[in-house]
Amino acid sequence: MSDKITFGVNGQKYSVGSEVDSDVSLNDYLRETLNLRGTKYMCKEGGCGACIVAVQALDEHGLLRTFSVNSCLVSITSCQDWEVTTIEGVGDRGRGYHPIQRTLAEYDGTQCGYCSPGWVMSMYSLLESSHHDITQHEIENSFGSNTCRCTGYRPILDAFKSFAKDAPKPKLEDIEDLKPCKNKDNCGHTCEKSWCFVNANDTGNTIKKIYLKDDRIWYRITQVHDIFNILDTEGYDSYMLVNGNTGRGVAPIFSFPRVLIDISPVKELKGHYIDQNLVVGAGTTLTDLMDIFKTVSHQQVEFAYLQKLYEHLDLVAHIPVRNIGTIAGNLMIKNRLLTFSSDIFLLLETIGAILTIVEKTTVHNVTLEDFTLIDMTGKVITSISIPPLSGNYEFVSFKIMPRSQNAHASVNAGFLYKFDPHDKETILSASIVIGGLSAHFVHARATETFLIMKKIFNNSILQQALHVLNDELIVDEIAGELSPEYRRKTALGLFYKGLLNLIPEKKLKPWYRSGARDFRKTRPLSKGTTVFDTNPIIWPITEPMPKLDALVQTSGEAKYVNDIPKDPREIFCAFVTSDICTGEIESIDPTPALKLPGVLAFFSAKDITGNNNFVSQRVLGQMAPEEIFAEKEVKYYDQAIGVIVAETEKLANRAALLVRIKYKVDKRKPILTISEARKRNPSRVSLYIIIPARDRGLDVHRIIKGSQDISWQYHYPMETLSSISIPSEDGIDIYPCSQWTDSVHVSVADALHIKQNRINVTVPRCGGAYGLKINRTNHVACVGALVTYLMNRPSRFVLTIQASLRVIGKRLPCKSEYELGVNNSGEIQYFEYHIYEDNGYVFADQVSQFVTTALKNCYNNTRWEHKIFNVTTDTASNTYARAPGSLEGISMTEYVMERIAYEINMDPVRVRLNNLNSQYPDVAEMVQTVLKDGEYDKRKEEVKKFNEMNRWKKRGLRVAMMSYPISIQMDYHILLSVYHADGTIAIKHGGIEIGQGMNTKIIQVVAYTLNISIDKVKVKPADVASVPNNYTTGGSRTSQLIVFGAIKCCQIILDRLSVVRESLNNPTWELLVETAYNQGINLQASYHVNGNDHQPYRVGGVALTEVELDILTGEHEILRVDIVQDIGTSVNPELDIGQIEGAFVMGIGYWTHEHMIYDENTGELLTDRTWYYKVPLAKDIPLDLRVQVRRNSYNPIGVLGSKGVSEPPICLAISVAFALREAIAAAREDSGHHKTEWFDVDGPYTLEKNVLKSDARLEEFLFT
Ligand SMILES: Cc1cc2nc3c(=O)[nH]c(=O)nc-3n(C[C@H](O)[C@H](O)[C@H](O)COP(=O)(O)OP(=O)(O)OC[C@H]3O[C@@H](n4cnc5c(N)ncnc54)[C@H](O)[C@@H]3O)c2cc1C
Ligand code: FES
Ligand code: FES
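As a starting point, this report considers the structure included with it. This one's a predicted model, so the numbers in the text were calculated from it and none came from an experiment.

The rules behind the values
Residues numbered from 1 in each chain as written. Chains lettered and ligands numbered in written order. Predicted model: local features only at pLDDT ≥ 70, side-chain atom pairs only at ≥ 80, totals over all residues. Heavy atoms only, no water. Core = buried A, V, L, I, M, F, W, Y, C linked by side-chain atoms within 4.5 Å. Buried < 20%, exposed > 50% of the residue type's maximum accessible area, 1.4 Å probe, protein only. Helix = DSSP H or I, 4+ residues; strand = E, 2+ residues; numbered from the N terminus. Contact = heavy atoms within 4.5 Å. Pairing = 2+ DSSP bridges. Axes fitted to C-alpha atoms, helices over the stretch in contact; angles between N-to-C directions. Patch = residues over 30% accessible without salt bridge, like charges linked within 9 Å, V, L, I, M, F, W, Y side chains within 5 Å. Areas by Shrake-Rupley, 256 points an atom, 1.4 Å probe, with all protein chains shown as cover. Salt bridge = Lys/Arg side-chain N within 4 Å of Asp/Glu carboxyl O. Polar contact = N/O pair within 3.5 Å; in protein donor to acceptor, adjacent residues only side chain to side chain.

## Section: the nonpolar core
Step number 1: In terms of nonpolar packing, the biggest core is built from 193 residues, with Tyr417 and Phe495 touching the most fellow members.
Step number 2: Among the elements that make up this core, the one with the highest residue count is helix 36 (residues 1214–1230) (10 residues).
Step number 3: Every residue in contact with Tyr417, bar those within four places of it in the chain, is listed here: Asn392, Tyr393, Glu394, Ile427, Ser429, Ala430, Ile432, Leu451, Phe495, Leu499 and Leu502.
Step number 4: By size, the runner-up hydrophobic cluster in this structure holds 46 residues, among which are Ile774, Val978, Trp1069 and Leu1072.

Here it is in structure tokens:
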């Protein structure tokens, strides 16, 4: 007899039992069983926040609490007694929207909208759990859990901060009326609202036992000894204790063990008490631990130091993980994965906490360090004893991570010193623990011993200690982590930084003081301002209004591909990929995979009925074929070789790993970079274009030669590549998340070898795209369609984050080589300029053409000779990424300008202006605006002074200038239908709404042209039966062109209506339409926009960025950014400012911490998860972001005077890199490097580059 787990969702009661598998998560259950698809997912590892829901449950004291969780991490069988609120339970069109949903929409907090339900649910939980008693600062600090790749966060933060008790008056009036659960304060175990349902009967001492569908047994227990009883019965060979189950976000679990024991209800493992020690239950969640530390540190002086631990815990994971993740769970990950830089382990070991570990009949008390050596089979951590410490102890700790929040530590360190109370300088004992270095390094024992009885606060002892520490550190290579050199240097830096925090002020030379500050704990509140023009006379054109679909996005009602409900006969796909880099396939044996029940089929190249190519050459601009499945030759690690088809998505992914492939392995080391390709196989380099110089100056004052490498960027759409295929009566209906319906359409037709008119392609919208979905979606669409075609069943193919990163290409890495001569004003006299673009294994996407037009940027290039080369490497086929080629071209040129400025020691703005192309007065004008509004001269002086006065924090203030080429796009179709009965309008068009707000702009323009209200107009998803043969959405131009086509359609309709209008006396729109209909007038119009309808133009922009860099750790803070961007006369400036901010922040990621690491020997990508690949989060954005659009701008060759906006601003983010470079340069000067000495920084300015390039010497770590 199997038990049931009962819980509530949005007020309805549900139960699960033996019908579910062990790997069914709350997210799966919500989306697939309940079809509540407003809750999204992306990473399934707690890294992105798309899946967050709110939970109400009783805590161990019987109090009802609300907290957020990542539904992707929670097993459905863990949900006993939970009342789950999803986005559907918060508000919708029918019941009315919740103020959080409305506020987020109103403040432009959505673009593609895929992340929005997750944000709303995080905020909802935060307000509920804090009883609305929360400050702006607390709100800003609370979203390490949520990623948004589109907006740049500023509008989201603004929206949410408006709910704070210290916020200025909110934009939405009814925020004030927002109240949490009315009964909260009096709440015992129930609540008047149905969604507060809690079944108090289920909290007794009962064991639940469920035989799960996949032959696992799920136990839910309430006492520790139940564990041993169960293990005695079930055996110790295959079991797992389950608490929060968040550990799988750190170390993924592909298949659960046979016996699963849910220990989360065990009260013995929770709570705390103080004997002499503070004893905390090991099953205490990290959120509760923080609360305990906060309370106890205020109440008892001997535990005052716990406040510091609280601050460190605030940097661990993020709120939803901390809400259910426990101390013991964290420590057990460390026990099994010694290289895991656990912060919990670090903190507890530093302070000398003791773990109590219980076996069936014995109890052990061990130190944390000893715990790492114990085989924990059959053992349970029950509690942690935390010692009281007298006022003679000082504790400091640091967590160094690539971004502000939600990243594991690259290096972390804890220091506990006992000082002699008489002189407060002599160390009586020391505990120094450093994490992230290697599997076995824990304590710096030799340093601890050395320090005893030493008066630490003098240079000589410090230096000696640093040398002892340096000698004893064991730092190993760890796959996916930063280099040992960086981690060693940072470990030493943290030791010094710790002491800088403790040294009495009078003993420290002020020059060194800045080393003490920890950015992660001191960041102030961020803010932003925007300035734009609008003309109310012509509203709704130029009217700043939020996206018209923002509300359906914030409420989860907006549908994305993977929200199409599941068909009962649906099957799921997963790529089978190569686990060699290059070689030949000898044989493929899918038998082990096919043996798994529920695995249905395996298909490879030989099963493809048409062309083995997912980018048909019958589509404009798709130059080379790319195999759907490698037929013989393997070109890169993780190339797709086949597809496994199974009853569930998880099964398909698991089974895919079981397919056995034999290869004839090519033994050579893979070629992963441009430099390697050039050195080892020049035939991989081909000249794309030469543009000769037209002039040469003779005033050569200095010759400069150099090179620079920049690298990949993963697009990181929150909706990964997805496609659903459904058999139709005459063919297949395909729903891909694609920017380019025609490319999917033709490629699938070719791959299946069936007629195009048997295939319908419909794209509802894209949850982020950034170029990735121009033609990479074709890969999953072709495979999904093939599976449907071969099996005559609906198929669903949604790439995991790992597959997205491994199988699919990214932004093209790029190398420049240059030699130039300049005069003494930095003006270029001659310039030999070579650019190499890394296409991956094949030159398929036409990215080099965009380098060609962007490379000159805003400068006079008559004396430049450009050569652009295409290079192939042994990596995935790289593809378009926001500002493809243009970002590379503009950045490389800006880099050269920086170099000139350094070499001749001239202001970099001056150097740029001396090379500015007189054809671009717009740029010159915007430079002046930025310099004036950004107080460049004054702040430049301030930065200089700051750098003179501070050794360990340095600032940089730098500009980037841009003239971005917007090219011609070819074909788009627009179909406008007017309904005769009420005069409403439906539009279909060939563009794709990817978050840029295209549909809102179309509606604004149509409403304006027809002189009707905007609520009369709707845009429907694109499909190729209605609007065929379209070019891709991209190039920052599609919105404009569709708007152009929509105006043309309106004019056609108006022409047809004009005769009727004349026959009526000033008719209403409705009467006019109805009359026309009755007269048999065609109320549908279409227009085909082609290349003759528009011309290329350029978009100017300037940014001025100030950063502060921590020289000891490599962390930075972006203090202020001023952007001036030309968007012409925008149809909707509010949306366009969103594009500017979002693009800029995506660029911040590219230049600071988005970083790929490949195994040089195998070619395997090591940074393939959110655990490793970090995009910016809310606290990574500039502290002060000021965006203005160029005033009174009108683009005479743009539609309605507008300019493209989505891509150009990403190019301005290189100003962040330059500012960091200036900061590094200032640090190098202190270390003895000459001011004008150039140093190259390749790729992003990671923690590692920042520290190593700053080149501080150990001897400089001093107090006086
Ligand atoms: C996105 C994300 C970010 C994170 N960031 C950080 C970070 O910055 N720093 C950091 O230190 N950690 C970080 N973590 C790790 C996080 O702290 C742990 O996942 C969490 O604490 C694990 O607790 P849990 O209850 O969910 O463990 P579970 O996942 O339930 O269990 C983990 C393991 O512990 C075992 N176990 C659980 N309880 C006991 C017990 N009482 N006795 C014996 N064995 C037990 C289980 O059998 C299992 O093997 C992060 C995790 C995620 C998902
Ligand atoms: S899907 Fe749950 S956090 Fe990403
Ligand atoms: S709006 Fe946040 S990811 Fe697109």
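## What to know about the sheet that holds strand 3 (residues 52–58)
Step number 1: A sheet is described by the order of its strands in space; here 5 strands give the open sequence 2-1-5-3-4, paired in mixed fashion. Two strands in the sheet have a free side with no partner beyond their single neighbour: strand 2 (12–16) and strand 4 (64–70). In this sheet, adjacent strand axes meet at a mean angle of 30° when their direction is disregarded.
Step number 2: With 3 bridges connecting them, strand 3 and strand 5 (residues 83–85) associate as antiparallel partners. Across the sheet, the residue bridging to Ala54 is Thr85, located in strand 5.
Step number 3: Seen against the sheet, helix 1 (residues 26–33) touches strand 1 (5–9), strand 2, strand 3, strand 4 and strand 5 and runs at an angle of roughly 115° to strand 2.

## Notes on a nonpolar patch on the surface
Step number 1: Nonpolar side chains collect at one region of the surface, where Leu620, Ile968 and Met970 lie side by side and expose about 240 Å² of accessible area between them.
Step number 2: Turning to its location among the elements, Leu620 is positioned in the loop between strand 21 (599–604) and strand 22 (633–634).
Step number 3: Overall, the relative accessible area of 52% leaves Leu620 in the exposed class.

## Observations regarding the environment of Arg95
Step number 1: Mapping Arg95 onto the fold places it in the loop between helix 2 (87–90) and helix 3 (99–106).
Step number 2: For Arg95, a relative accessible area of 55% gives the class exposed.
Step number 3: In the structure, Arg95 is positioned 180 residues away from Asp275 in sequence and 52 Å away in space, judged by C-alpha atoms.
Step number 4: When sequence neighbours within four positions are dropped, the list of residues in contact with Arg95 reads Glu88, Gly89 and Val90.
Step number 5: At 2.4 Å, the side chain of Arg95 forms a polar contact with the backbone oxygen of Glu88.

## Digging into the pattern of salt bridges
Step number 1: A complete count under the given rule lists 89 salt bridges for this structure.
Step number 2: The partner of Lys988 in a salt bridge is Asp1023, with the nearest N and O atoms 2.5 Å apart. Separated by 35 residues along the polypeptide, Lys988 in strand 36 (residues 985–989) and Asp1023 in strand 38 (residues 1022–1023) bring together distant segments of the chain.
Step number 3: On the basis of relative accessible area, Asp1023 is assigned to the buried category, the value being 7%.

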